[in-house]
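# Survey of secondary and tertiary structure
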Amino acid sequence: MNTELDFRLDGLVPADADSEYAEQQFWSGDLTVLTEHHTAPHGSHSYVVAHDGSVTWGVPGEPQIAAIKVARDLSLNTFTMETTYHATDPFAQNWLIEHGCPPEQITEVGTGFSTPADDLTVRIEAQIRESGARYEVIESQTSDYDPCEAWTLTRDGEAVQAPIRLFLEEGDSNAHTYTLREGAFADEDTALRWLDDRSTPLPQPPEHLGEAAALRTRAALARSAGSSEISKTAPGAHQSAAAVPVPRPVQGRLL
């Protein structure tokens, strides 16, 4: 994938004032393509996630990830362009999916960029990408310096408890990786105070705590089942406990 952005607008003119303004906001040298999809065979639509380097010279903390949709009317030689900015890739991808991009075509970020550090990061990114209109973005902030991070504060329309959700992405420049975590808060002020203080761990969403409890329960049941097998061994069998297979919970993703 080419990391230099080409809007493919040769011979086309803006269909309206908003599209003309949107096109004028970009200089291709500032944009690095992270992922893109162009429809075939006639290329009527383009969907692009790009990093806008010019933002780093503007107001501190502004989102740097641009989501761009271009629709071309080849019969009239015109185009429309819509853009929006986000703190992290999955929110930009979510916006494009909601505006017509096939999800499978915009998911993978090109090579040469930081990669997820763990499976939990991958899962939370997919959760955001596939969330539709679930998350209402309240505020976001991006930092290129120490700490290198980006966060998005949202209101979760599906949350029964702690509806304010904080998605915190932290980068490791040495490992060229990043982690993404979700925190849950009762209100915006509590979330913002945590961001300012950070003396306690990021509060986990209540539904995640339920998942963790279920995993602990399954592990306990597995250990109990193993103990029962040991107790049923005939006294004369002289089989040591170490030789008895004990079920353990499966770790990692199943292939």
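Residues numbered from 1 in each chain as written. Predicted model: local features only at pLDDT ≥ 70, side-chain atom pairs only at ≥ 80, totals over all residues. Heavy atoms only, no water.

It is worth spelling out the packing of helix 2 (residues 89–98) against helix 4 (residues 119–129) at this point. Where helix 2 meets helix 4, the axes come as close as 8 Å, and the angle between the chain directions of the two elements is 30°. As far as their axial angle goes, helix 4 and helix 2 are roughly parallel. In this structure, the crossing between helix 2 and helix 4 has a hand that is right-handed. Facing helix 2, whose interface residues are Pro90, Phe91, Gln93, Asn94 and Ile97, helix 4 presents Glu125, Ile128 and Arg129. (Axes fitted to C-alpha atoms, helices over the stretch in contact; angles between N-to-C directions. Helix = DSSP H or I, 4+ residues; strand = E, 2+ residues; numbered from the N terminus. Parallel < 35°, antiparallel > 145°, perpendicular 65-115°, else oblique. Left-handed = near helix turned anticlockwise from the far one by under 90°. Contact = heavy atoms within 4.5 Å.)

With phi around 45°, Ala162 is a residue other than glycine that occupies positive phi space. Phi at Arg198 is positive, roughly 60°, even though this residue is not glycine. Secondary-structure assignment places Arg198 in the loop between helix 5 (188–197) and helix 6 (206–231). Looking at Arg198, the relative accessible area reads 30%, which means it is partly exposed. (Buried < 20%, exposed > 50% of the residue type's maximum accessible area, 1.4 Å probe, protein only.)

Below, the discussion takes up the side chain of Arg72. Topologically, Arg72 is positioned in strand 4 (residues 65–73). The exposure class assigned to Arg72 is buried, which follows from its relative accessible area of 9%. In this structure the side chain of Arg72 is engaged in a polar contact, spanning 2.7 Å, whose partner is the backbone oxygen of Phe7. A distance of 2.7 Å separates the side chain of Arg72 from the side chain of Ser46, its partner in a polar contact. (Polar contact = N/O pair within 3.5 Å; in protein donor to acceptor, adjacent residues only side chain to side chain.)

Our next topic: the pairing of strand 5 (residues 78–86). Relative to strand 5, strand 1 (residues 13–14) is paired through two bridges, and the arrangement is parallel. By the bridge assignment for strand 5, Val13 is matched with Thr78. Examined bridge by bridge, strand 4 and strand 5 share nine bridges and lie antiparallel to one another. Bridge assignment links Ile68 to a residue of strand 5, and that residue is Thr83. The loop that links strand 4 with its antiparallel partner strand 5 comprises four residues; one of these, Asn77, has a positive phi angle of about 60°. (Pairing = 2+ DSSP bridges.)

Moving on, we get to the packing of aromatic side chains. Taken as a whole and judged by the stated rule, the model has four aromatic pairs. Their ring planes at 55° and their centres at 6.3 Å tell us that Phe185 and Trp194 sit as a pair that is tilted. Trp194 gets classed as buried once you look at its relative accessible area, which sits at 10%. (Phe/Tyr/Trp six-rings, centres within 6.5 Å; stacked < 30°, edge-to-face > 60°.)

Moving on: helix 5. For helix 5, every residue scored as buried is listed here: Ala191, Trp194 and Leu195. All buried residues of helix 5 project into a common sector of 100° when viewed along the axis, lining one side. Seen from the open side of helix 5, the exposed residues pointing more than 90 degrees away from its buried face are Asp189, Arg193, Asp196 and Asp197. Considering only its buried residues, helix 5 is in contact with strand 8 (149–156), strand 9 (164–172) and strand 10 (177–185). The distance from a side-chain oxygen at the start of helix 5 to the backbone nitrogen of Asp189 is 3.3 Å, and the residue carrying that oxygen is Asp187. Note on helix 5: the residue one or two positions beyond its end, Arg198, has a positive phi of about 60°. (Arc of directions from axis to C-beta.)

What the five strands build is an open sheet, ordered 6-10-9-8-7; its pairing is mixed. Bordering the open sheet on either side are strand 6 (115–116) and strand 7 (135–143), each of which pairs with just one other strand. Pairing analysis gives two bridges linking strand 6 to strand 10, with the strands arranged parallel. Looking at the pairing, Thr115 lines up with Thr177 of strand 10.

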